[in-house]
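# Structural characterization, general
Below, each chain spelled out in residue letters.
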Amino acid sequence: MAGDEEQPLGELTLRTMAMPADTNAAGDIFGGWVLSQMDLAGGIAAGERASGRVVTISVDTMKFIRPVHVGDVLCVYCDIGAIGRSSMKIKIEAWARRHRFGHREKVTEAMFTFVAVDDDGRPRPVPGVN
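In short, a report on the structure. (Residues numbered from 1 in each chain as written. Predicted model: local features only at pLDDT ≥ 70, side-chain atom pairs only at ≥ 80, totals over all residues. Heavy atoms only, no water.)

### Here's the deal with the packing of aromatic side chains
Under the criterion given, the structure shown has one aromatic pair. Judged by centre distance (6.0 Å) and plane angle (10 degrees), the rings of Phe112 and Phe114 are stacked. Of the two residues, Phe112 and Phe114, both sit in the buried class. Positioned above the aromatic ring of Trp95, the side-chain terminus of Arg104 is 5.5 Å from the ring centre. (Phe/Tyr/Trp six-rings, centres within 6.5 Å; stacked < 30°, edge-to-face > 60°. Buried < 20%, exposed > 50% of the residue type's maximum accessible area, 1.4 Å probe, protein only. Lys NZ or Arg CZ within 6 Å of the ring centre and 35° of its normal.)

### What to know about the side chain of Arg98
Take Arg98: it is sitting in the loop between β4 (87-97) and β5 (104-116). In terms of polar contacts, Arg98 uses its side chain to reach the side chain of Glu105, at 2.7 Å. Contacts of Arg98, omitting those with residues within four sequence positions, involve Arg66, Pro67, Val68, His69, Asp72, His103, Glu105 and Val107. (Helix = DSSP H or I, 4+ residues; strand = E, 2+ residues; numbered from the N terminus. Polar contact = N/O pair within 3.5 Å; in protein donor to acceptor, adjacent residues only side chain to side chain. Contact = heavy atoms within 4.5 Å.)

### Points about the pattern of salt bridges
Oppositely charged side chains can form a pair if their charged atoms are brought close together. As enumerated under the stated definition, the model contains 10 salt bridges in all. Between Glu105 and Arg98 there is a salt bridge; the shortest N-O distance is 2.7 Å. Each of Glu6, Lys91, Glu93, Lys106 and Glu109 takes part in a single network of salt bridges with overlapping partners. (Salt bridge = Lys/Arg side-chain N within 4 Å of Asp/Glu carboxyl O.)

Here it is, written out as structure tokens:
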């Protein structure tokens, strides 16, 4: 790859293949399916950082850049940014590897906010944050 090409931000957290059952009438993968995969990846990253249960509280600046097609491998990258007492902002990017083995393109990006919660669903501190 050339040095001037955009690269994913963060760590590869989730990888899955887009399947025919996830398409709309035009044959593209539903945006909601992509959003769901991003939420799963963000939950994994936030849960690891919080050492426990987390919940999604917001999705901001969601941008659908390119469609995802059947047979593409969706690769979701997470970059943990600001960490508050109980919340974490995570920039999440979804990239598609075209036709399983082809070139990689960014297809979606968003900023998710997760909150660490206890067993009763109440906010709890993120470990290591004063």
